[in-house]
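Structure assessment
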Amino acid sequence: MNLRKRQRGASAEVHTSAMNDIMFFLLLFFLIASTVTNPNVVKLMLPKSSSGQSVSKKTINVSIDKNLNYTVDKKQVPVDQLQNTLQSYKSLATELTIVLYVDRTVAIQDVVQVMDIAQKLNIKLVLATEPKAK
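The following refers to the structure shown. Keep in mind the model is a prediction, meaning the values are calculated, not measured. (Residues numbered from 1 in each chain as written. Predicted model: local features only at pLDDT ≥ 70, side-chain atom pairs only at ≥ 80, totals over all residues. Heavy atoms only, no water.)

Thoughts on the overall build of the chain
- What the chain contains, in helices and strands, is three helices and five strands.
- From first element to last, N terminus to C terminus, the chain shows the α and β order α-β-β-β-α-β-α-β.
- Considering only contacts within the chain whose residues lie at least 6 apart along the sequence, 69% involve residues at least 24 apart.
- For the chain, the computed accessible surface area is about 12,200 Å², with 56% contributed by carbon and sulfur atoms. (Helix = DSSP H or I, 4+ residues; strand = E, 2+ residues; numbered from the N terminus. Contact = heavy atoms within 4.5 Å. Areas by Shrake-Rupley, 256 points an atom, 1.4 Å probe, with all protein chains shown as cover.)

Here is the structure:
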């Protein structure tokens, strides 16, 4: 039986402290680079068509002042003609959004009336507001 201690050769150790710094900087670089690129963009060569139509997105401004004067894109419109006017805008653009500007003294019923017209015509409606003062 050999009970003597064997002498071992040189120990093999790898110091990775410098490699950790490099890996951290590479990770940081790729994180920043990935936020700059847009992964949702796919470059396509679309076919051409002579009868193709482009989808137009349009917003129109409808405003109601304190005297209940209705204005559609800076043109005053009587309340009974509002639906017909919005219908004509709807025929010009496929995706239409109404931005509704209302004086704060106007009754909510008048606002709901415009909302109902937009719902009937299947038009998106956004109520414009002012930011609060701090």
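The discussion continues.
Details of the packing of aromatic side chains
- Inspection of the entire model under this criterion finds two aromatic pairs.
- Measuring from ring centre to ring centre gives 5.7 Å for Phe24 and Phe25, while their planes differ by 65°; the resulting arrangement is edge-to-face. Both residues of the pair, Phe24 and Phe25, count as exposed.
- When the ring of Phe29 is compared with that of Phe30, the centres are 5.4 Å apart and the planes differ by 65°; the resulting orientation is edge-to-face.
- The exposure class assigned to Phe29 is exposed, which follows from its relative accessible area of 52%. (Phe/Tyr/Trp six-rings, centres within 6.5 Å; stacked < 30°, edge-to-face > 60°. Buried < 20%, exposed > 50% of the residue type's maximum accessible area, 1.4 Å probe, protein only.)

Interpretation in functional terms is not warranted from these geometric data alone.
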